[in-house]
Structures are given as C-alpha cells and as structure tokens.
Amino acid sequence: MAHKYPNVLIHCVFSTKARENSIPDELRPKLWKYFAGIGRNHHIPVLTAGGTANHVHLLIVLPSDVTLAKAMQVLKANASRWLGEHGISFAWQEGYGAFSVSSSNLPAVKRYIENQAEHHSRRSYEEEFTALLRKSGVPYESAHVFG
C-alpha cells in the first residue's frame, strides 16, 4: 500500500508533580487551547483537552511517525514552559496513562474530558486514574502507581 491510513486515538492522562493543585482556574481554558496549538505545531492533533487543578486529560490522534512517548514529551514540555511564562513554578509528574479509544466511543470520551469538573465533584484524581487502569485492563501495583 502506497499510503498510510492510521486512526490511532489516544486518551492521555497525567498529573502535576505530586498531584499538587498548581494549574490556576483562570488559566485552565487557555491551557486547553494551548495544548491544541502545541499539537497543531507538531502535527499531533489534540481533539479535546480538559482537567482540573492537578491533572490533564488529552484526546489526541497519534501520527504514524510519532511515538507516544515523543508526543507526551512534546505536549508536556511545551505546556510546562507556557505555564512558567505565566509566573507559575510548575512541573508535571514523570509518567502518564494512555488509553486507546475506538472511533465509535470518540464522542463519549470527548464529553468525559470536557466535563472533568463534574466528574471530580464525586471522586479524586487517584480514584479516577486507577478506575481507568482497571477498565482498560492495564496491570498495575497500587503501591507504584503514584510514586
């Protein structure tokens, strides 16, 4: 086949260092847009972004020539720099979660990401993240998930 036709949809989740509430309310909408801009500039489409003061969810389309690790490094590093330029002493956690998304489930995942404030009125980031791991069948050891 002469062309590539990938459709690799990934729901990425990562937190601030030590899960501190370091993303200010007033910057969050701008940060979500900034993630989309980073994606455009690096040819990693960001379909939606959302989160809370201590973590981020991104729905990305992973290009065939970019590894997931590289995409995460580019997105996190540029967002961290942007937050620093806004006077925030900032760092992300080292790791991340990445979960495949089927095209048929795309609208539901978008809604989930866009409504993070509502979800976190009922459960913590830690509860949400371990639930995502379980639902996706990702093996993990509780003692090592959050460092």
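For the structure itself, look to the data block above.
None of these values were measured; they are calculated from a predicted model.

Asks: How should I be thinking about unusual backbone geometry in this particular structure?
Replies: A negative phi holds for most residues other than glycine; trans holds for most peptide bonds. Despite not being glycine, Ala18 shows a phi value in the positive range, around 60°. Residue classification places Ala18 among the exposed residues on the basis of a relative accessible area of 55%. Unlike most non-glycine residues, His43 shows phi in positive territory, near 60°. With respect to the secondary-structure elements, His43 resides in the loop between helix H1 (28-41) and strand S2 (46-52). A relative accessible area of 62% places His43 in the exposed class.

Asks: Looking at this structure, how should I read the sheet that holds strand S1 (residues 9-15)?
Replies: Note on sheets: strands pair through backbone hydrogen bonds, and any given pair is parallel or antiparallel. The antiparallel open sheet is built from 4 strands, whose spatial order is S2-S3-S1-S4. Lying at the two open borders of the sheet, with one neighbouring strand each, are S2 and strand S4 (97-101). Averaged over all pairs of adjacent strands, the angle between their axes in this sheet comes to 15°, without regard to strand direction. Both S2 and strand S3 (residues 55-61) contribute to a ladder of 6 bridges, which runs antiparallel. Bridge pairing links Ala49 to Leu58 in S3. Packing of H1 onto the sheet brings it into contact with S1, S2 and S3, and relative to S2 it is tilted by some 150°. Taken strand by strand, helix H5 (residues 125-136) contacts S1, S3 and S4, and its axis lies near 145° from that of S1.

Asks: Which parts of the structure should I look at to understand the pairing of S3?
Replies: Regular strands place their side chains on alternate faces of the sheet. Of all 7 residues making up S3, 7 are buried, and the element is well covered by its neighbours. Neither face of S3 is exposed, since His55, His57, Leu59 and Val61 on one face and Val56, Leu58 and Ile60 on the opposite face are all buried. In terms of strand pairing, S1 meets S3 through 7 bridges, oriented antiparallel. In the sheet register, Cys12 faces S3, and the bridge partner there is Leu58. The antiparallel hairpin formed by S2 and S3 contains 2 residues in its connecting segment.

Asks: Even after reading the chapter, I still don't get the nonpolar core, so can you show me in this structure?
Replies: Core analysis: the largest hydrophobic core is formed by 27 residues, its most contacted members being Phe35, Leu58, Ile60 and Trp92. The set of elements that each furnish at least two residues to this core consists of S1, H1, S2, S3 and helix H2 (68-85). Considering each element in turn, this core owes the most residues, 7 residues, to H2. Of all hydrophobic cores here, the second largest spans 7 residues; its members include Leu9, Val101, Val109 and Tyr112.

Asks: Would you mind going over the pairing of S4 with me for this structure?
Replies: Every second residue of S4 is oriented toward a common face, the buried set being Gly97, Phe99 and Val101 and the non-buried set Ala98 and Ser100. Examined bridge by bridge, S1 and S4 share 5 bridges and lie antiparallel to one another. Across the sheet, Cys12 pairs through a bridge with Ala98, a residue of S4.

Asks: Can you walk me through the packing of aromatic side chains in this structure?
Replies: The geometry of two aromatic rings is summed up by the distance between their centres and the angle between their planes. In this structure the tally under the stated criterion is 9 aromatic pairs. Consider the rings of Phe14 and Trp92, whose centres lie 4.9 Å apart with planes at 80°: the pair is edge-to-face. Linking Phe14 in strand S1 with Trp92 in the loop between H2 and S4, this pair joins segments that are 78 residues apart in sequence. Take Phe14 and Trp92: they sit in the same class, and that class is buried.

Basis of the calculations
- Residues numbered from 1 in each chain as written.
- Predicted model: local features only at pLDDT ≥ 70, side-chain atom pairs only at ≥ 80, totals over all residues.
- Heavy atoms only, no water.
- Buried < 20%, exposed > 50% of the residue type's maximum accessible area, 1.4 Å probe, protein only.
- Helix = DSSP H or I, 4+ residues; strand = E, 2+ residues; numbered from the N terminus.
- Pairing = 2+ DSSP bridges.
- Axes fitted to C-alpha atoms, helices over the stretch in contact; angles between N-to-C directions.
- Contact = heavy atoms within 4.5 Å.
- Core = buried A, V, L, I, M, F, W, Y, C linked by side-chain atoms within 4.5 Å.
- Phe/Tyr/Trp six-rings, centres within 6.5 Å; stacked < 30°, edge-to-face > 60°.

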